[in-house]
Amino acid sequence: MSIKKFIESVKESLNLNEFEKTGKKKSVKRLLEKLNSRKEILDKVPKKKLEKKEKKELKEELAIISLQIKKGEKILDELN
């Protein structure tokens, strides 16, 4: 996945409309920070109070975010 496609897919999944474009490395780092903070928030959600459908959606979102984090780290390693 190219850097531009990665940035666009993360912006779309996080609904970031006002994301400023800077250098590739800086953009990827900032997106990784946002992904990690979003993951932490989702990890803290009390899962016992959620319905079955909500739990499934939460797991799917966590899986997507985890995958995006792995891709972002790989891209960041390539840039270094």
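Residues numbered from 1 in each chain as written. Predicted model: local features only at pLDDT ≥ 70, side-chain atom pairs only at ≥ 80, totals over all residues. Heavy atoms only, no water.

Colleague: Explain the overall build of the protein chain residue by residue, including any values.
Modeller: Tallying secondary structure elements over the protein chain gives three helices and zero strands in all. Burial analysis of the protein chain (80 residues in total) assigns 26% to the buried set. For the protein chain, long-range pairs separated by at least 24 residues make up 57% of all intrachain contacts whose partners lie at least 6 apart in sequence. Surface summary for the protein chain: the accessible area is close to 6300 Å², and the carbon and sulfur share equals 50%. (Helix = DSSP H or I, 4+ residues; strand = E, 2+ residues; numbered from the N terminus. Buried < 20%, exposed > 50% of the residue type's maximum accessible area, 1.4 Å probe, protein only. Contact = heavy atoms within 4.5 Å. Areas by Shrake-Rupley, 256 points an atom, 1.4 Å probe, with all protein chains shown as cover.)

Colleague: Requested: an account of the nonpolar core, with residues and values cited.
Modeller: Core analysis: the largest hydrophobic core is formed by 15 residues, its most contacted members being Phe6, Ile7, Val28, Leu32 and Leu35. Elements with a contribution of two residues or more to this core: α1 (3-14), α2 (24-43) and α3 (52-79). (Core = buried A, V, L, I, M, F, W, Y, C linked by side-chain atoms within 4.5 Å.)

Colleague: How would you sum up the side chain of Gln68? Please name residues and give values.
Modeller: Relative to the elements of secondary structure, Gln68 occurs in helix α3. Overall, the relative accessible area of 9% leaves Gln68 in the buried class. Non-local contacts of Gln68, meaning those with residues more than four positions away in its chain, are made with Phe6, Ser9, Val10 and Leu35.

Colleague: I'd like a rundown of the packing of α2 against α3, residues and numbers included.
Modeller: Contact geometry for α2 and α3: axes closest at 9 Å, N-to-C directions at 155°. Between α2 and α3, the angle falls in the class roughly antiparallel. Considering how the two elements wind past one another, α2 and α3 form a crossing that is left-handed. Here α2 contributes Lys24, Lys25, Val28, Lys29, Leu32, Leu35, Asn36, Arg38, Lys39, Leu42 and Asp43 to the contact with α3, which in turn contributes Leu58, Glu61, Leu62, Ile65, Ser66, Gln68, Ile69, Gly72, Glu73, Ile75, Leu76 and Leu79. Partitioning the contact of α2 with α3 into residue classes produces 11 nonpolar, four polar and eight charged. (Axes fitted to C-alpha atoms, helices over the stretch in contact; angles between N-to-C directions. Parallel < 35°, antiparallel > 145°, perpendicular 65-115°, else oblique. Left-handed = near helix turned anticlockwise from the far one by under 90°. Nonpolar A, V, L, I, M, F, W, Y, C, P; charged D, E, K, R; others polar.)

Colleague: Requested: an account of α3, with residues and values cited.
Modeller: The first and last C-alpha atoms of α3 sit 41 Å apart over 28 residues, in line with the 40 Å expected at 1.5 Å per residue. Listed as buried for α3 are Leu58, Leu62, Ile65, Gln68, Ile69, Gly72, Ile75 and Leu76. (Expected span 1.5 Å × (residues − 1).)

Colleague: Now, about the confidence of the model for the protein chain: what can you tell me, with residues and values included?
Modeller: Averaged over the protein chain, the pLDDT score is 81; the fraction of residues at 70 or greater is 88%. For the protein chain, per-element mean pLDDT is lowest for α1, which scores 73, and highest for α3, which scores 88. (pLDDT = per-residue confidence, 0-100.)

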